[in-house]
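The primary structure of each chain is shown beneath.
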Amino acid sequence: MQAKITSVYDEGSQVGTSLIGAKGFSALIESGGQRVLFDTGRRGRYLLHNMAFLDIRPEDIDKVVISHLHASHTGGVEDLLRGRGAPLGIYAPRPAAGAKGQKGVRIPEGLSDRASVFEVMDWMQVADKVFVSCPTDAGGGLSEVFMVILSRKGPAVVAACSHAGVDAVMELVNKRFGTYPHAYVGGVHIRKGEREKAARIAASFAEKKCTDLHLNHCTGVDGMMYLRMELGLRGVSDFYAGSSLSLDL
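Summarised in this report is the structure supplied together with it. Every value quoted in this text rests on a predicted model; they were computed, and no experiment measured them. (Residues numbered from 1 in each chain as written. Predicted model: local features only at pLDDT ≥ 70, side-chain atom pairs only at ≥ 80, totals over all residues. Heavy atoms only, no water.)

### Focus: the pattern of salt bridges
Opposite charge on two side chains allows them to pair when their charged atoms are near. Taken as a whole, this structure holds 10 salt bridges when the rule is applied. A salt bridge links Asp 60 to Arg 57; the nearest nitrogen and oxygen atoms lie 3.0 Å apart. Put simply, Arg 228 and Asp 238 hold a salt bridge, and the shortest N to O gap is 3.4 Å. Of the two residues, Arg 228 sits in helix 6 (residues 220-231) while Asp 238 sits in strand 13 (residues 237-238), which places them 10 residues apart along the sequence. The class for Arg 228 is partly exposed, based on a relative accessible area of 21%. Residue Asp 238 is classed as partly exposed on the basis of its relative accessible area, which comes to 32%. Among the charged side chains, a network of salt bridges with common partners joins Glu 30, Arg 35, Arg 57, Glu 59 and Asp 60. (Salt bridge = Lys/Arg side-chain N within 4 Å of Asp/Glu carboxyl O. Helix = DSSP H or I, 4+ residues; strand = E, 2+ residues; numbered from the N terminus. Buried < 20%, exposed > 50% of the residue type's maximum accessible area, 1.4 Å probe, protein only.)

Printed below as a string of structure tokens:
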């Protein structure tokens, strides 16, 4: 049996496709017959366009997990709900009072019967071999949920931005499952000019033997370049919209 991670929404998209590349993040995790959408990108119409191209129907989504409450991760929620009739469970972090951009997951009044929002505070299981957790503080009062798939090789992390820090995420995984992740998928938030930060992240991956890296979104073009300077050209793979990764369970 396998779990599959598919990039649905990212700044980059697969060449030769009509997938839209735009600011934001969304990934589909499939495991044990369950489909969990992790974040919804910034624009609902782009999300639904990419989902249609990837043959993912809104009504096929079993749950939504929101990493953190920035528009580039929550913007597609409304259009996703409008595209389906059945109620949908949405797992999200607690909004941090007064923190910039923390306005909660917006569910329009007319769609309130289609969504139930659950707060992620500790480890929770959302699908077969798929777990979520939320560090109490990911920096500046920001809470960010990340996901873990328990594969045959060990835990694999799926993170939207890793605001708490890559090392902090991997330590939480080790504490919960007794081993560090062997794979890391998603964003690690490296700004232009942050070469020293990239070197620290690369060193952390190397120290913990997390070598299967598929990064996108806020890692950025410069961040990918910095990481490849440390880990080699084949040390990091792009995870543009349309990319996928399968894991043996």
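On we go.
### Observations concerning helix 4 (residues 166-177)
Relative to the 16 Å expected for 12 residues at 1.5 Å per residue, helix 4 spans 16 Å between its end C-alpha atoms, a close match to the ideal helical length. Burial in helix 4 covers these residues: Val 166, Val 169, Met 170, Val 173 and Phe 177. Looking straight down helix 4, one finds that the buried residues subtend no more than 95° of arc, so they occupy a single side. In the core, the buried residues of helix 4 are packed alongside strand 8 (130-133), strand 9 (146-151), strand 10 (154-159), strand 11 (183-186) and helix 5 (195-207). (Expected span 1.5 Å × (residues − 1). Arc of directions from axis to C-beta. Contact = heavy atoms within 4.5 Å.)

### Some points on the packing of helix 4 against helix 5
Packing of helix 4 against helix 5 leaves a shortest axis separation of 9 Å and a crossing angle of 20°. It follows that helix 4 is roughly parallel to helix 5 by the angle criterion. Residues Val 166, Asp 167 and Met 170 of helix 4 form the contact with helix 5, whose participating residues are Ile 201, Ser 204 and Phe 205. A breakdown of the residues in the contact of helix 4 with helix 5 according to their chemical character gives 4 nonpolar, 1 polar and 1 charged. (Axes fitted to C-alpha atoms, helices over the stretch in contact; angles between N-to-C directions. Parallel < 35°, antiparallel > 145°, perpendicular 65-115°, else oblique. Nonpolar A, V, L, I, M, F, W, Y, C, P; charged D, E, K, R; others polar.)

### As for the pairing of strand 7 (residues 124-127)
Bridge count for strand 7 against strand 8 is 3 bridges, and the pairing is antiparallel. Opposite Met 124, over in strand 8, you have Val 132 as the bridge partner. Counted between consecutive antiparallel strands, the loop separating strand 7 from strand 8 contains 2 residues, among which Lys 129 sits at a positive phi close to 65°. (Pairing = 2+ DSSP bridges.)

### Section: the sheet that holds strand 10
Strand order across the open sheet formed by 7 strands is 7-8-9-10-11-12-13, with mixed pairing between neighbours. The open sheet has two free edges, formed respectively by strand 7 and strand 13, since each of these has just one partner strand. One ladder, built from 5 bridges, connects strand 9 with strand 10; its direction is antiparallel. Considered in strand 10, the bridge of Val 148 is made with Val 157. On top of the sheet, helix 4 reaches strand 8, strand 9, strand 10 and strand 11; it is set at about 45° to strand 9, its chief contact.

### As for the sheet that holds strand 5 (residues 88-93)
In space, the 7 strands of this open sheet follow the order 6-5-4-3-2-1-14, with mixed pairing throughout. Single-partner strands in this sheet number two, and they are strand 6 (115-120) and strand 14 (244-248). Strand after strand, the sheet turns through a mean of 20° between neighbouring axes, direction not considered. In the sheet, strand 5 pairs with strand 6 via 6 bridges, with the strands oriented parallel. The residue bridging Pro 93 from the neighbouring strand is Val 120, located in strand 6. The strands that helix 1 (residues 44-53) touches are strand 1 (2-9) and strand 2 (26-31); relative to strand 1, the one it contacts most, it runs at about 135°.

### A short note on helix 5
In this model, helix 5 (13 residues) spans 18 Å end to end at C-alpha, consistent with the 18 Å of a helix rising 1.5 Å per residue. Residues Ala 198, Ile 201, Ala 202, Ser 204 and Phe 205 constitute the buried set of helix 5. Seen along its axis, helix 5 keeps its buried residues to an arc of 160°; they face one direction. Along helix 5, the residues that are exposed and aim more than 90 degrees away from the buried face are Glu 196, Arg 200 and Glu 207.

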